[in-house]
Amino acid sequence: MKVTELARAAGVTPETVRHYARQSLLNPRRDPDNGYQLFDQRDLERLRFIQRARTLGFSLKEIADILEQADQGDSPCPLVRDLLAARLPQIHARIQALQALADRMERAMEEWANLPDGTPDGHSICRLIEQSPATGGECPATARRHP
């Protein structure tokens with residue numbers, strides 16, 4: 001199968017297939033006549049595995065580690081369990097932070113519903129935000145993105 005054929009069979013874009021091949025998650029052979037990447041049924045199965053792993057939140061690096069263990073004949077299942085066990089508390093914490101953010105946003109929308117729009121005057125940019133209570137620091141949902 002060529003890139004587009006594999007992509008179509010798996011329901012992904014050709015660029016996704018190329019990206020996974022660049023990351024060595026897929027190992028196509030090269031057509032000696034034209035240099036095209038050629039994939040087989042095993043690549044389709046790996047690609048479907050990668051898609052399933054991504055839906056469970058695994059990173060490409062983690063998926064590479066899982067595939068490497070499997071390729072060496074070792075069961076990656078203990079690694080998979082450990083990775084999920086470590087990630088789950090982080091996900092729960094993130095959900096709590098996002099719920100707190102949603103609650104603040106809903107309160108703000110209620111408070112702002114009947115307030116007039118202001119015009120920036122050199123001292124104020126948007127009074128809606130400026131008059132909102134400070135939460136004591138950065139929003140937990142965005143704190144990790146902005147060191």
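Residues numbered from 1 in each chain as written. Predicted model: local features only at pLDDT ≥ 70, side-chain atom pairs only at ≥ 80, totals over all residues. Heavy atoms only, no water.

- If you check an unreviewed UniProt entry, the protein chain appears there as MerR family transcriptional regulator from Salinicola acroporae.

**With respect to the overall build of the protein chain**
So, step 1. A tally of regular secondary structure across the protein chain gives seven helices and two strands.
So, step 2. From first element to last, N terminus to C terminus, the protein chain shows the α and β order α-α-β-β-α-α-α-α-α.
So, step 3. Whereas a compact globule of 147 residues would reach a radius of gyration of roughly 15 Å, the protein chain reaches 24 Å, over 25% beyond that.
So, step 4. Viewed in the frame of its principal axes, the protein chain has a C-alpha envelope of about 70 × 40 × 25 Å.
So, step 5. Taking the contacts inside the protein chain whose residues are at least 6 apart along the sequence as the reference set, 47% of them involve residues at least 24 apart.
So, step 6. Here the protein chain has roughly 10,700 Å² of accessible surface; of this, 54% comes from carbon and sulfur atoms.
So, step 7. The averaged location of the 21 negative side-chain charges in the protein chain is 4 Å from the averaged location of its 20 positive side-chain charges. (Helix = DSSP H or I, 4+ residues; strand = E, 2+ residues; numbered from the N terminus. Rg over C-alpha atoms; globule rule 2.2 N^0.38 Å. Contact = heavy atoms within 4.5 Å. Areas by Shrake-Rupley, 256 points an atom, 1.4 Å probe, with all protein chains shown as cover. Lys, Arg positive; Asp, Glu negative; His and termini not counted. Charge placed at Lys NZ, Arg CZ, Asp CG, Glu CD.)

**Some thoughts on unusual backbone geometry**
So, step 1. Here Ser 24, not a glycine, exhibits a phi torsion of approximately 65 degrees, which is positive.
So, step 2. Structurally, Ser 24 can be placed in the loop between α2 (14-22) and β1 (29-30).
So, step 3. By relative accessible area, Ser 24 is classed as partly exposed at 48%. (Buried < 20%, exposed > 50% of the residue type's maximum accessible area, 1.4 Å probe, protein only.)

**Considering a negative patch on the surface**
So, step 1. Taken together, the side chains of Asp 103, Glu 106, Glu 110 and Glu 111 make up a negatively charged region of the molecular surface.
So, step 2. Checked against the element boundaries, Glu 111 lands in helix α5 (residues 77-112).
So, step 3. Classification of Glu 111 as partly exposed rests on a relative accessible area of 48%. (Patch = residues over 30% accessible without salt bridge, like charges linked within 9 Å, V, L, I, M, F, W, Y side chains within 5 Å. Salt bridge = Lys/Arg side-chain N within 4 Å of Asp/Glu carboxyl O.)

**As for a nonpolar patch on the surface**
So, step 1. A grouping of Leu 88, Ile 91 and Ile 95 is seen on the molecular surface, where their side chains present a nonpolar patch of about 270 Å² in accessible area.
So, step 2. For Ile 91, the position within the fold is in helix α5.
So, step 3. We classify Ile 91 as partly exposed; its relative accessible area is 36%.

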